[in-house]
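Structure at a glance
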Amino acid sequence: MGWRQRRFGAPMRRAATIAFLMALGPAALIPGAVEIVSAEPSAPAGGAAAGADAQPLAFAHCTGAVAAEAEARGVPAGVTDRLRALSPDADVAAAPQGQAEFVKPIWSYLDANLTETRIAEGRRKLAEWSATFDAIEARYGVDRFILAAFWGVESTYGSVLEDPGIVRPVLRSLATLACSETPRAPYWRAELIAALEIQAQDKGPPGPLTGSWAGAMGHTQFMPTVYQAHAVDFDGDGRRDIWTSVPDALASTANYLTAMGWRSGARWGSEARLPDGFDLALADETTERSIAAWKALGVVPIQALAEDGTATLILPAGARGPAFLLQPNFRIILRYNTALAYALSVAHLSDRLRGEAGFTRDWPRGDAMPSAGDVRSLQSRLAERGFPAGAADGRIGPRTRAAIRAYQAANGLPPDGYADAPLRERILASSETKP
Ligand code: CA
């Protein structure tokens, strides 16, 4: 599964978050990834009037400019010449423009990331690398189960790194993205320059940088700027080698999580049981209460959470699906990839590796999923009716859920923030406006 999935299916629209492009696979470590790309229409680089040679010329002009900038920052010509010699990678160029026809339900991601095979393999890895995990826990205070869960979700414990059909040269991927006509080109350009700087160091990988189509590298998929800031040499061989050294990759991830504010000894949160008649307006994703306060409202964490800890309450699939109390560490997982489905996958895999059970409440698996176009229509209609849902981007995120909750509340419906097919139809047909 994982990286292979994307090769056979239509990539989804969240370009940099590989987990989403690949539907089920690993994700790039890209801060703010959720904003990176919405569907970007492809545009010929040279403009309509230019001839067939315009695209290669524009690409060469762009890579030449990036090479010059990198040289000004001290990257030697021996490295920048590699950039100048590149041609664009057509598969990478097509990736951000791919659009998922249907919105993938959150339970599909979780199912794919929490197979029995992945859980069993994770437990084997925990045993195999036990001494390394001991040392990383002692040094960084990040527990082994969360690290192993990142490792499992990002690269299936490194197994995808051995697939020559998946792993690509990072400079070419990033050059393709940086020199394409996308609003995010400056982001990719900065990553490309970072990759050139890494390539120029003698403490990096021994050969050309390899990574995903989006330039995410190694066992836990660091983008080049993240590598520069947070990768560590944990095995002491003098290289920060997140490609072939499991200790380096896992310690680099622990180092990153610590830098982002990971709270040692704390959980990510827990599934929660709601009392009958619970006021769903309280599950607004944003209001933070102490665990004691949630308990006083009748919300019962399935796993034990410290009473003085804080959490927000979320119902990702509405009142018919499981509820979760999310604690500050969950937000750190979201720094890796801002998608809720991704973060819940990592969080829950860590629990399963620790030996805990699956969720007690199942998802509304029978629900029909909307197409991305349906979601865009829904978002537009909500906004027209006075319930701003953020950009009409075809993805259901916090702002869309908030708009659905507001619509529900204004119309006397239980405000669970989840639009199933009947509610979607009602909203699309509605002429009601916010009072
Ligand atoms: Ca090393």
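The coordinates are above.
Described in the following lines is the structure provided in the data block. (Residues numbered from 1 in each chain as written. Predicted model: local features only at pLDDT ≥ 70, side-chain atom pairs only at ≥ 80, totals over all residues. Heavy atoms only, no water.)

Turning next to the pairing of strand β7 (residues 323–326). Taking every second residue as pointing to the same face, both faces of β7 are buried, with Ala-323 and Leu-325 on one and Phe-324 and Leu-326 on the other. Where strand β6 (residues 310–314) and β7 come together, three bridges link them in antiparallel fashion. Note on β7: the bridge partner recorded for Ile-314 is Phe-324. (Buried < 20%, exposed > 50% of the residue type's maximum accessible area, 1.4 Å probe, protein only. Helix = DSSP H or I, 4+ residues; strand = E, 2+ residues; numbered from the N terminus. Pairing = 2+ DSSP bridges.)

With that out of the way, let us pick up the coordination of the calcium ion. Around the calcium ion, the protein contributes the donor atoms Asp-233 (OD), Asp-235 (OD), Asp-237 (OD), Arg-239 (O), Asp-248 (OD) and Asp-248 (OD), at 2.1 to 3.0 Å from the metal centre. Taken together, the six donor atoms surrounding the calcium ion define angles of 47 to 161 degrees at the centre, an arrangement classified as irregular. All donors to the calcium ion come from one chain, and their sequence spacing reads D-x1-D-x1-D-x1-R-x8-D. Judged by its relative accessible area of 46%, Asp-237 falls in the partly exposed class. (Donors = N, O, S within 2.8 Å, 3.2 Å for Na, K, Ca; no water. Tetrahedral: all angles 85-135°; square planar, octahedral: opposite > 155°, others 65-115°.)

Moving on to the pattern of salt bridges. Note on pairing: side chains with opposite charge can pair once their charged atoms come close. Counting across every chain of the model gives 26 salt bridges. Its salt-bridge partner being Lys-125, residue Glu-128 comes within 3.7 Å of it at the nearest N-O pair. Here Glu-128 pairs with Lys-125, and both are found in helix α7 (residues 116–128), just three residues apart, close to one helical turn. Given the relative accessible area of 52%, Glu-128 is considered exposed. With relative accessibility at 15%, the residue Lys-125 sits in the buried group. (Salt bridge = Lys/Arg side-chain N within 4 Å of Asp/Glu carboxyl O.)

It is worth spelling out the packing of helix α8 (residues 130–140) against helix α13 (residues 246–260) at this point. Between two packed helices, both the angle of their axes relative to each other and the distance between the axes serve to describe the pair. One can describe the packing of α8 onto α13 by two numbers: an axis separation of 10 Å at closest approach and a directional angle of 25 degrees. Regarding the angle of α8 to α13, the classification is roughly parallel. The chirality of how α8 crosses α13 is right-handed. On the side of α8, the interface is formed by Thr-132, Phe-133, Ile-136 and Tyr-140, while α13 contributes Pro-247, Leu-250, Ala-251, Ala-254, Asn-255 and Thr-258. When the residues that make up the contact of α8 with α13 are grouped by side-chain class, the tally is seven nonpolar, three polar and no charged. (Axes fitted to C-alpha atoms, helices over the stretch in contact; angles between N-to-C directions. Parallel < 35°, antiparallel > 145°, perpendicular 65-115°, else oblique. Left-handed = near helix turned anticlockwise from the far one by under 90°. Contact = heavy atoms within 4.5 Å. Nonpolar A, V, L, I, M, F, W, Y, C, P; charged D, E, K, R; others polar.)

This brings us to the nonpolar core. By size, the foremost hydrophobic cluster in this structure holds 86 residues, and its most contacted members are Leu-192, Leu-196, Leu-257 and Ile-333. Top contributing element to this core by residue count: helix α16 (residues 340–354), with nine residues. Apart from the residues within four sequence positions on either side, Ile-333 is in contact with Ile-146, Phe-150, Trp-262, Trp-268, Tyr-342, Ala-343, Val-346 and Ala-347. Among the nonpolar cores identified, the runner-up in size contains 14 residues, and Phe-278, Ala-311, Ala-323 and Leu-325 belong to it. (Core = buried A, V, L, I, M, F, W, Y, C linked by side-chain atoms within 4.5 Å.)

What follows covers α7. Given a rise of 1.5 Å per residue, 13 residues ought to cover 18 Å, and the 18 Å separating the end C-alpha atoms of α7 matches this to within 8%. Every buried residue of α7 is accounted for by Arg-118, Ile-119, Gly-122, Lys-125 and Leu-126. Along the long axis of α7, the arc covered by the buried residues comes to 120 degrees, so they all point the same way. Turned more than 90 degrees from where α7 packs its buried face, Glu-116, Thr-117, Ala-127 and Glu-128 sit exposed. Among the structural elements, α6 (106–113), α8, α9 (144–155) and α16 are those in contact with the buried residues of α7. (Expected span 1.5 Å × (residues − 1). Arc of directions from axis to C-beta.)

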